[in-house]
Amino acid sequence: MRLGVHVPIAGGLLEAVARAKRLDCTTMQIFSRSPRGGPAPKWPAELLERFDAERRAAGIEPLAIHGPYIINLASPDAFTWKRSVALYRDEYARATALKADYLVTHVGSHRGEGEEAGMRRVADAVSRTLDGLESGVTILLENTAGSGQGLGYRFEQLAEIREAVTDRRRVGVCLDTAHLFAAGYAIHTGAGLDDAVASFDRTVGLKHLKLIHLNDSKAPFDSRVDRHWHVGQGHIGLDAFKRLVNHPALKDVPCILETPKSAEADDHRNLSTVRKLAHGAKSARRLNTVCV
Ligand SMILES: [Zn+2]
Ligand SMILES: [Zn+2]
């Protein structure tokens with residue numbers, strides 16, 4: 001499996017790659033700017049080239065950029081929406097300059113205007129962003145926990161937004177396991193996981209699932225509360241993650257951990273937990289083949 005973490009860029013782009021290398025990541029995610037606003041760092045062309053070369057030499061791909069939280073592509077307020085679209089276009093250009101594969105996007109909040117109107121605004125914003133910007137970056141709509149007036153907590157909504165985008169070939173989906181669980185998809189049970197996968201395939205289509213955010217949840221099932229937690233130590237649990245990372249429909253989808261970290265050791269611990277779950281199943285299968 002391709003596995004990585006969300007890496008901070010506070011120490012610069014090259015330190016981000018170095019950190020991903022130290023953690024043996026085979027994929028990574030970064031913010032291209034502070035997610036809560038403020039000016040974006042400017043990167044000279046030579047630095048961008050070095051970043052790209054070092055990342056590829058280390059076998060770290062795909063590269064995902066997570067968009068800033070201050071963007072609300074569903075906003076009913078004309079001023080906020082226009083500002084969000086301008087910032088989002090800039091972010092898409094930054095992802096392109098970083099030679100990223102994906103730009104992970106929160107679909108936003110309709111702020112009381114209604115879900116249908118909100119979804120139309122998101123699709124319009126994404127269509128405008130893609131229009132005229134040549135790029136190999138695929139936009140990934142991320143599912144949400146469904147708190148407040150946030151959109152994207154049902155597969156049907158992600159499918160509807162994607163279908164409404166003009167150039168939808170450049171739009172896929174990123175599924176966050178903590179958000180799925182909080183939104184009421186029972187991925188903590190074997191049957192619930194199978195149901196969720198089948199439902200995703202019927203609505204969005206599995207071929208559009210490009211990335212998984214592998215996070216346990218500190219918030220209970222169907223709570224609509226978004227609280228990421230260490231893999232296997234939350235309400236989703238270790239058994240469920242074992243089924244997740246070995247599920248035939250999911251095992252080849254790159255996974256990024258967005259689990260809490262106060263030090264690099266936290267990422268290291270969560271990564272080795274996941275590697276053991278994936279590796280353990282493989283050894284068991286090999287053993288079965290030999291015995292039978
Ligand atoms: Zn996210
Ligand atoms: Zn996420």
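Residues numbered from 1 in each chain as written. Chains lettered and ligands numbered in written order. Predicted model: local features only at pLDDT ≥ 70, side-chain atom pairs only at ≥ 80, totals over all residues.

**As for the overall build of the protein chain**
Heads up, the rule is: Numbered from the N terminus, helices here are DSSP runs of H or I no shorter than four residues, and strands are runs of E no shorter than two. Radius of gyration: C-alpha atoms only; globule rule: 2.2 Å multiplied by the number of residues to the exponent 0.38. Counting other C-beta atoms within 10 Å of a residue's own tells you its class, since 20 or more makes it buried, 12 or fewer makes it exposed, and anything in between is partly exposed; those C-beta atoms are placed from the backbone. Whether two residues are in contact depends on their C-beta atoms, placed from the backbone: they are in contact if these lie within 7 Å.
Along the protein chain, the regular secondary structure elements total 9 helices and 10 strands. Against the compact-globule benchmark of 19 Å for 292 residues, the protein chain has a radius of gyration of 19 Å, which places it among compact chains. Per-residue burial for the protein chain yields a buried fraction of 43% across its 292 residues. At a minimum sequence separation of 6, the contacts of the protein chain that also span at least 24 residues come to 75%.

**Describing the sheet that holds strand E1 (residues 3–6)**
Basically, it comes down to this: Two strands pair under a simple rule: DSSP has to find at least two bridges between them. In this analysis an axis means a line fitted to C-alpha atoms, helices contributing only their contacting stretch, and an angle means the value between N-to-C directions, from 0 to 180 degrees.
With respect to topology, 8 strands assemble into a closed barrel ordered E1-E2-E3-E4-E5-E6-E7-E10, the strand pairing being parallel. Between one strand and the next, the sheet's axes are offset by a mean angle of 30 degrees, whatever the strand orientation. Bridge count between strand E2 (residues 27–31) and strand E3 (residues 63–66): 4 bridges; the pairing is parallel. When the sheet's bridge partners are listed, Met28 is paired in E3 with Leu63.

**Some details on the pairing of E1**
Under the convention used in this document: Handedness is read with the strands pointing away from the viewer; a crossover is right-handed when the path from the first strand over the helix to the second is clockwise.
By the bridge criterion, 3 bridges tie E1 to strand E10 (residues 255–257) in an arrangement that is parallel. Bridge pairing links Leu3 to Cys255 in E10. Considered for its hand, the β-α-β crossover made up of E1, helix H1 (residues 13–22) and E2 is right-handed.

**Some points on the pairing of strand E5 (residues 138–142)**
In terms of burial, E5 is a largely internal element, 4 of the 5 residues being buried. Direction of pairing for E5 relative to strand E6 (residues 171–176): parallel, over a ladder of 4 bridges. For Ile139, the partnering residue across the bridge sits in E6 and is Val171. Taken together, E5, helix H5 (residues 155–164) and E6 form a β-α-β motif whose crossover is right-handed.

**Notes on the environment of Val274**
Secondary-structure assignment places Val274 in helix H9 (residues 264–291). Expressed as a C-alpha distance, the spacing of Val274 and Leu257, which sit 17 residues apart in the sequence, is 9.5 Å. Apart from the residues within four sequence positions on either side, Val274 is in contact with Leu3, Leu214, Val231, Phe241 and Val245.

**Here we look at the nonpolar core**
Operational definition: Buried Ala, Val, Leu, Ile, Met, Phe, Trp, Tyr and Cys residues whose C-beta atoms connect them within 7 Å together make up a nonpolar core.
Membership of the largest hydrophobic core comes to 78 residues, with the highest contact counts inside it found for Ala100, Leu103, Val122, Leu140 and Ile187. Looking at which element gives the most residues to this core, the answer is helix H4 (residues 115–130), with 6 residues. With residues near it in sequence (within four places) discarded, Ile187 still touches Thr177, Leu180, Phe181, Gly192, Leu193, Ala196, Ile236, Ala240 and Leu244.

**Thoughts on unusual backbone geometry**
Going from Glu61 to Pro62, the amide bond is cis rather than trans, its omega being 10 degrees. Of note in this structure, Arg224 is not a glycine but carries a positive phi near 60 degrees. With respect to the helices and strands, Arg224 occurs in the loop between strand E8 (216–217) and strand E9 (228–229).

**Section: helix H7 (residues 190–203)**
The line we're drawing: For a helix, the expected span equals 1.5 Å multiplied by the number of residues minus one. It is the directions from the helix axis to the C-beta atoms that the arc portrays.
Spanning 14 residues, H7 covers 20 Å between terminal C-alpha atoms, matching the ideal 20 Å at 1.5 Å per step. Those residues of H7 not exposed but buried are Leu193, Ala196, Val197 and Phe200. All buried residues of H7 fall inside an arc of 95 degrees around its axis, so they share one side. Away from its buried face, by an angle of more than 90 degrees, H7 presents the exposed residues Ala191, Ala198 and Arg202. Residues of H7 that are buried in the fold lie against H5, helix H6 (177–182), strand E7 (209–213) and helix H8 (238–246).

Keep in mind these values describe shape, not function.
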